[in-house]
Amino acid sequence: MNRAYRFRIYPTPEQEIFFHKTFGCCRFVYNRMLADKVEEYEKTKKMKKTTPATYKNSYPWLKEVDSLALANVQFHLEAAFRKFFREPKVGFPRFKSKHRSRKSYTTNVVNGNIRLSGGKLRLPKAGEVRIRLHREIPEGQKLKSVTVSMDPSGKYYASLLCEYENCENQAGMRKAEKVLGIDYAMDGMAVFSTGEKCRNPGYYQQALARLAREQRRLSKCQKGSRNYLKQKRRVALCHEKVKNQRKDFLHKLSRSLAEKYDAVAVEDLDMKAMSKSLNFGKNVMDNGYGMFLAMLSYKLEDRRGRLVRIDKFFPSSKKCSRCGKVKKVLPLSERTYRCECGNQMDRDVNAAINIREEGKRLLCA
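Just so you know, the residues in each chain are numbered from 1, in the order the chain's sequence is written. A pLDDT threshold of at least 70 governs which residues receive local features in this predicted model, and a stricter bar of 80 or more applies before side-chain atom pairs are shown or counted, although totals over entire chains, interfaces and linings include all residues. Each side-chain value is worked out from all heavy atoms of the structure, with water and hydrogens disregarded.

**Points about unusual backbone geometry**
So, point 1. Located in the positive-phi region is asparagine 111, a residue other than glycine, with phi close to 55°.
So, point 2. To sort residues, take the accessible area from a 1.4 Å probe on protein chains only and compare it with the maximum for the residue type: under 20% means buried, over 50% means exposed, and anything in between is partly exposed. Overall, asparagine 111 belongs to the exposed group, its relative accessible area being 80%.
So, point 3. Phi at arginine 304 takes a positive value of approximately 65°, unusual for a residue other than glycine.

Structural data, given as structure tokens:
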């Protein structure tokens, strides 16, 4: 299995220049290869096969950067085309923009060209870069590649991709004795089948006033000036703080659930579609429920647990968790579930219990 570890790096001014050159060269090669493929297809209806090496004679400055970084650009473009042909709805590969695209490049480990020792990371043609190892990489993991990226706030990061053997997964999944059901809550984060309600801290809502103030100042700066760039970085830092707060909360919550339960049952919801309906976009995106499920999935897998996804058309809210009777109509304004059998409880807790029982049924099947 593969796992990536993301650390912050502190390059020197010369190394920053090299990183920006590499970002620009990777973007140029990607756009050039995409343009040539489109032009060749329009003429001959065939896909042109090119490599970054074919452009180095015409553009000698491409030789200044890491050749493996340019080679990975070809793999990324081919992967984008494969995904487009497999899933046309994702759209045709688009050209990368200097101002809007993510600034990053990936290089591979070949003959020990990348080494990590003494608090420094050695990268091809960049030399040794100071790195902050806030966590230790477990022994026995083999370094495969490194992705260097720069955030809009101006901070540099290195993602180390390591390969390891997961002995726990080879032993098989553990018996699902403790199963938890989770129902998504629009006004918070989630409701558990145990009756607990996980509230959304709302970090974005807390930062709205400061973010609006910084964005007003940015709108009054002359675009492209030094003050504009400084203020743009302040706005990026506001967004970065909200992102880090949200990820920290979700990591802690998902880890606590993965260690406590053998299996977790959730609804397979389309969060992007939900964010576009009923003007709930900010609330849906602020709680990061989709990110929470992704974290919970791989953390359960590491502990030989499993995440069970229930069909979104399963009547979890309309079904009585005691007698199993399904109501034909249940308006959203009715927050307490009442059944003819005498069952009376919060509708979200009732839905979470139904999701847990359906998850148990699928596990047994």
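Next comes the rest of the description.
**Some thoughts on the sheet that holds strand β9 (residues 190–192)**
So, point 1. We call two strands paired when DSSP finds no fewer than two bridges between them. A helix here means a DSSP run of H or I that spans at least four residues, while a strand means a run of E at least two residues long, and both kinds are numbered starting from the N terminus. Judged by pairing direction, the sheet is mixed, and its 5 strands sit side by side in the order β10-β9-β8-β11-β12 without closing on themselves. Where the open sheet ends on each side, the last strands, each with one partner, are β10 (197–198) and β12 (306–310).
So, point 2. Strand direction decides the pairing type here: strand β8 (residues 179–184) and strand β11 (residues 263–267), joined by 4 bridges, are parallel. Bridging across to β11, isoleucine 182 finds its partner in valine 266.

**Concerning the packing of aromatic side chains**
So, point 1. Here is the rule: rings of Phe, Tyr and Trp (six-membered ring for Trp) pair when centre to centre is within 6.5 Å. Planes less than 30 degrees apart are stacked, more than 60 are edge-to-face, and the remainder are tilted. On inspection of all chains with the given rule, the structure shows 13 aromatic pairs.
So, point 2. With centroids separated by 5.4 Å and ring planes inclined at 85°, the aromatic side chains of phenylalanine 81 and phenylalanine 92 adopt a geometry described as edge-to-face. Of this pair, phenylalanine 81 sits in helix α2 (residues 67–86) while phenylalanine 92 sits in the loop between α2 and β2 (103–108), and the two are 11 residues apart along the sequence.
So, point 3. For phenylalanine 81, a relative accessible area of 6% translates into the label buried.
So, point 4. Counting every residue linked through ring pairs, the aromatic cluster contains Phe18, Phe19, Phe23, Tyr105 and Tyr156.
So, point 5. Two thresholds decide whether a charge sits over a ring: the Lys NZ or Arg CZ must be within 6 Å of the ring centre and within 35 degrees of the ring normal. The ring of tyrosine 30 carries the charged tip of lysine 96 above its face, separated from the ring centre by 4.6 Å.
So, point 6. Between lysine 327 and the ring centre of tyrosine 337, over which it is positioned, the NZ or CZ distance is 4.7 Å.

**Remarks on the sheet that holds strand β6 (residues 142–150)**
So, point 1. On the basis of which strands lie adjacent, the open sheet formed by 7 strands has the order β2-β6-β7-β1-β5-β4-β3 and antiparallel pairing. The two strands at the open ends of the sheet, each matched to only one other strand, are β2 and β3 (115–117). Sheet twist, expressed as the average angle between the axes of neighbouring strands with direction ignored, equals 35°.
So, point 2. Across 3 bridges, β3 lies against strand β4 (residues 120–123) in antiparallel orientation. Bridge assignment links arginine 115 to a residue of β4, and that residue is arginine 122. To obtain an axis, a line is fitted to C-alpha atoms, over the contacting stretch when the element is a helix, and the angle between two such axes runs from 0 to 180 degrees between their N-to-C directions.

**A word on the environment of arginine 174**
So, point 1. Within the secondary structure, arginine 174 is located in the loop between α3 (167–170) and β8.
So, point 2. Residue class for arginine 174 comes out partly exposed when judged on its relative accessible area of 24%.
So, point 3. Any two residues whose heavy atoms approach within 4.5 Å are treated as being in contact. In this view, arginine 174 contacts Ala258, Tyr261, Asp262, Arg303, Arg304 and Gly305; residues no more than four positions away in its chain are not counted.

**Some remarks on the pattern of salt bridges**
So, point 1. Salt-bridge detection follows one rule: a side-chain nitrogen of Lys or Arg within 4 Å of a carboxyl oxygen of Asp or Glu. Per the counting criterion, the structure on display carries 20 salt bridges.
So, point 2. Linking lysine 197 and aspartate 346 is a salt bridge whose minimum nitrogen-to-oxygen distance equals 3.2 Å. Taken together, the residues lysine 197 in strand β10 and aspartate 346 in strand β14 (residues 344–346) connect sequence positions 149 residues apart.
So, point 3. Aspartate 248 serves as the salt-bridge partner of lysine 252, at 3.2 Å between the closest nitrogen and oxygen. One end of the pair is lysine 252 and the other is aspartate 248, both in helix α6 (residues 226–260) and 4 residues apart, which spans about a single turn.
So, point 4. With relative accessibility at 39%, the residue aspartate 248 sits in the partly exposed group.
So, point 5. Bridged by salt links that share partners, the residues Arg6, Asp151 and Lys243 form one connected network.

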